[in-house]
Amino acid sequence: MKYLSEYRDPKVARGLLAEIKRTVTRRWVLMEVCGGQTHTIVKQGLDELLGDAVEMVHGPGCPVCVTPLEQIDKALALASRPDVIFTSFGDMLRVPGSDCDLLAVRARGGSVRIVYSPLDALELARKNPDKEVVFFAVGFETTAPANAMAVWRAKELGVKNFSVLVSHVTVPPAMVALLDAPDNRVQGFLAAGHVCTIMGWTEYEPIAAKYKVPIVVTGFEPLDILEGMLLAVHQLEEGRHEVENQYVRSVRRDGNQPAQDLVSQVFELVDRNWRGIGPIPRSGLGVRPEFAEFDAERRFALAGIRTTEPAVCRAGDVLRGVLKPFDCPAFGTECTPEHPLGAPMVSSEGACAAYYNYGRFRSAV
Amino acid sequence: MCLGIPGRIMEVHDTQGLPMGVVDFGGVRREVCLAYVADQVRVGDYAIVHVGFAIAKVDEEEAKRTFDILREMSQLDELKWMEGLAS
């Protein structure tokens, strides 16, 4: 129980933990979808504190981790071009491609710049009319409205030297793919709070009903997560399978309508390959034909990229919740945050990096 | 990456037709797009901001509490990008 003293409110945390343990009559398997939640769970040792009551399986909700290798390789190819300024969120720079990462391209003279917002990338394009500025548009539903706005504004302002390399993914199809897998063990989900701030939770209602799994929209703080777990195990014990909202402070049933509207004007649903998981039908967003001139894949010839993953890395099994990071033979030896082989070791939201940074080198249970 | 950071809206303005504003995140200020919350927020309100876009309005108490917790949880990556970059 060493971690409990670190909580702002250890009494409430202890109370929630006790109630979870009192509620369960068997061990339930829950998945937290979001990488931010994985970080909280592992940092605070919530999974260890739960003991036999609940097993937490870590979900694929880390955009850095699931961006497919071919998109990383396309980013590397674009960033290497002398006429391109390649822009990206900071956490994509160390994601390994087939033979290097964006930092290595920058070291060789490629122009790679970190931006905080996609609108900063658009501004960079306006200030550098003699260069092509490409923005690496990755992320889940939370980030899509920002990236959609950058494309929308580029068209509105007539910026001709701006484009986006899109690798957007959406949560519900990934949950369905996991539930359809023959080796699935997940019995309930904690859905990602800020994804639902944008999207609301109506998309989850048919999933909860069809697969008979409770889905609890949950925040990112330790007490949020414990509360989300408690709501989920109550449902499981009572044989209910509904969508519940723990994160009422930020999420409404219908989400943020203006944001959803702009996303659907700029992007359309496409099939998307998920790194480590494989192709999932209609699980990604791509640029609509009306905005084709801002799609980097249409603007630049990027065909003929051949990808290779390191054979020893088991990131795919970790992302599907089949293996824990310490079950991978490369974990903590060949693969560390300083020299990552797989994407989940790169981002602080990746399960492998969280396990490494918080000293999880073996199973505690 | 989906984490938003709460901040206080210090200024609201229009940039070539786009609702924008200046938001203060525990002393770090930067330009933020308000288009997705434009009908809900005014100067002095708090909002959750993700990659330069306000995505939801929150009350002051919630904003301050969340900011402190994110700092303790070392989940202020976005703020680090912001501080490290000229806006």
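Going by the structure above, here's the rest.
### Things to note about the overall build of chain B
Along its length, chain B carries two helices and five strands. Sequence-ordered secondary structure for chain B, helices as α and strands as β, is β-β-β-β-β-α-α. Per-residue burial over chain B gives 44% buried out of 87 residues. In chain B, the proportion of contacts linking residues at least 24 apart, taken out of those at least 6 apart, comes to 37%.

### Observations concerning the sheet that holds strand S4 (residues 111-114) of chain A
Strand pairing in a sheet is mediated by backbone hydrogen bonds. Such pairs are either parallel or antiparallel. Residue and element names in this part refer to chain A. An order of S4-S3-S5-S6-S11-S10 is seen for the six strands of this open sheet, with the pairing classed as mixed. Since the sheet does not close on itself, it has two edges, and those belong to S4 and strand S10 (267-274), each with one partner. Taking the axes of each pair of neighbouring strands and ignoring which way they run, one obtains an average angle of 25 degrees across the sheet. Here strand S5 (residues 132-139) pairs with strand S6 (residues 162-169) via seven bridges, running parallel. Opposite valine 133, over in S6, you have phenylalanine 162 as the bridge partner.

### Overview of the interface of chain B and chain A
Between chain B and chain A, the contact holds 26 residues from the first and 38 residues from the second. Mapped by element, the contributors of at least two residues to the side of chain B that touches chain A are strand S4 (46-50), strand S5 (53-58), helix H1 (60-72) and helix H2 (77-84) of chain B. Among the elements that line the side of chain B that touches chain A, the one with the most residues is S5 of chain B, at four residues. Here the side of chain B that touches chain A is composed, by residue class, of 18 nonpolar, six polar and two charged.

### Things to note about the sheet that holds strand S2 (residues 54-61) of chain A
All names here are of chain A. If you trace the five strands from one edge of the open sheet to the other, you get S2-S1-S7-S8-S9, paired in parallel fashion. Of all the strands in the sheet, just S2 and strand S9 (243-245) have a single pairing partner and so form its edges. Across the sheet, the axes of successive neighbouring strands diverge by a mean angle of 25 degrees, strand direction being ignored. Looking at chain direction, strand S8 (residues 215-218) and S9 are connected through three bridges and run parallel. Residue isoleucine 215 lies in a different strand from S9, and its bridge partner there is valine 243. Across the sheet, helix H2 (residues 35-44) lies against strand S1 (28-34), S2, strand S7 (188-192) and S8, angled at about 125 degrees from S1, the strand it touches most.

### Section: the environment of threonine 15 of chain B
All names here are of chain B. Inspection of the secondary structure puts threonine 15 in strand S1 (residues 5-15). Its 12 C-beta neighbours within 10 Å are what place threonine 15 among the exposed residues. As a C-alpha pair, threonine 15 and cysteine 33 span 18 residues in sequence and 9.5 Å in three-dimensional space.

Calculation rules
Residues numbered from 1 in each chain as written. Chains lettered and ligands numbered in written order. Predicted model: local features only at pLDDT ≥ 70, side-chain atom pairs only at ≥ 80, totals over all residues. Helix = DSSP H or I, 4+ residues; strand = E, 2+ residues; numbered from the N terminus. Buried ≥ 20, exposed ≤ 12 C-beta atoms within 10 Å, placed from the backbone. Contact = placed C-beta atoms within 7 Å. Pairing = 2+ DSSP bridges. Axes fitted to C-alpha atoms, helices over the stretch in contact; angles between N-to-C directions. Nonpolar A, V, L, I, M, F, W, Y, C, P; charged D, E, K, R; others polar.

Purely spatial values, then, with no claim about function.
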